[in-house]
Amino acid sequence: MNPKNARARRLYSDILTCFSRKQHRDSFQVFLDLLLDGSGRPLPTRATVKSPSAISRFLNHTIWDLRTLCRFMRQAALQLFNDTWKHAPHQRPRVEFLVDLTSLEKAGKFPGLSDWMHVLNAVNGVHLVVLYICCGDLKLPWAFQIWRGKGTSSPAALALKLLRTVPPVMLQGSAAPVCMQTGASKVRSSLRPSWKEK
């Protein structure tokens, strides 16, 4: 059995325990299946168990504890990181921190997203600054911030804020490089070495 598949199946099952109500758990399971089906088009209209309107209501109107889900994912990522290091005590893989500026383009009116909808690099939509922790063949999403437009914290400042959430255990050994994905190159000069100073 491929250990990656076993690990993914275990995480898939554990994530669902974050939802105490069966209705919410079932809706989120359908949403996960859409993300994992490999089509690259996780649209509610492709669901077969739940109606598109039911999934839309769950994502846009139903109140559920997102913070609990985020904390669970961080704990799972940290455990996976520690396991990877324990299995290679004499030749530990290189640790890198990857900051990615991702723009989710939106067309039309979205009243519920009015505070998040802005134009950046000629793209109108929601703009996320995402921090990944890379170790060997692992690429773990760790934290994200939403850029809220001109006059607020810049993408570079948000990246620094994300980097300061990295646990000390991940900073052991030689200085870990910070890498930038396409679209985030303009914030590179602001990141080193200031993120470790505070």
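Everything below is about the structure shown above.
**A short note on helix α5 (residues 155-163)**
Owing to its 3.6 residues per turn, the α-helix brings residues three or four apart onto one side. Extensive coverage of α5 is indicated by the burial of 7 of its 9 residues. Among the residues of α5, Pro 155, Ala 156, Leu 158, Ala 159, Leu 160, Leu 162 and Leu 163 are the ones counted as buried.

**Re the environment of Phe 19**
For Phe 19, the location among the structural elements is in the loop between α1 (3-16) and α2 (22-36). Beyond its immediate chain neighbours, meaning those up to four positions away, Phe 19 contacts His 24, Arg 25, Phe 28, Phe 58 and Trp 64.

**Focus on the packing of aromatic side chains**
In the structure shown here, the tally under the stated rule is 7 aromatic pairs. Aromatic side chains Phe 19 and Phe 58 sit 6.2 Å apart centroid to centroid with 55 degrees between the ring planes, which places their arrangement in the tilted category. Remark: Phe 58 occurs in helix α3 (residues 52-60) and Phe 19 occurs in the loop between α1 and α2; sequence separation between them is 39 residues. Across the pair, Phe 58 and Phe 19 agree in class, each one buried.

**What about the pairing of strand β2 (residues 117-120)?**
As paired strands, β2 and strand β3 (residues 123-135) are joined by 4 bridges and run antiparallel to one another. Across the sheet, the residue bridging to Val 119 is Asn 124, located in β3. Taking the residues that link successive antiparallel strands as the turn, the β2-β3 hairpin has 2 residues, and the phi of Asn 121 there is positive, at about 55 degrees.

**What about the pattern of salt bridges?**
Here the structure, examined in full by the defined rule, presents 1 salt bridge. Taking the shortest distance from any N to any O, the salt bridge between Asp 26 and Lys 22 comes out at 2.7 Å. Separated by 4 residues within a single helix, Asp 26 and Lys 22 lie in helix α2, roughly one turn from each other. Exposure remark for Asp 26: the relative accessible area of 22% places this residue in the partly exposed category.

Cut-off values and rules
Residues numbered from 1 in each chain as written. Predicted model: local features only at pLDDT ≥ 70, side-chain atom pairs only at ≥ 80, totals over all residues. Heavy atoms only, no water. Buried < 20%, exposed > 50% of the residue type's maximum accessible area, 1.4 Å probe, protein only. Helix = DSSP H or I, 4+ residues; strand = E, 2+ residues; numbered from the N terminus. Contact = heavy atoms within 4.5 Å. Phe/Tyr/Trp six-rings, centres within 6.5 Å; stacked < 30°, edge-to-face > 60°. Pairing = 2+ DSSP bridges. Salt bridge = Lys/Arg side-chain N within 4 Å of Asp/Glu carboxyl O.

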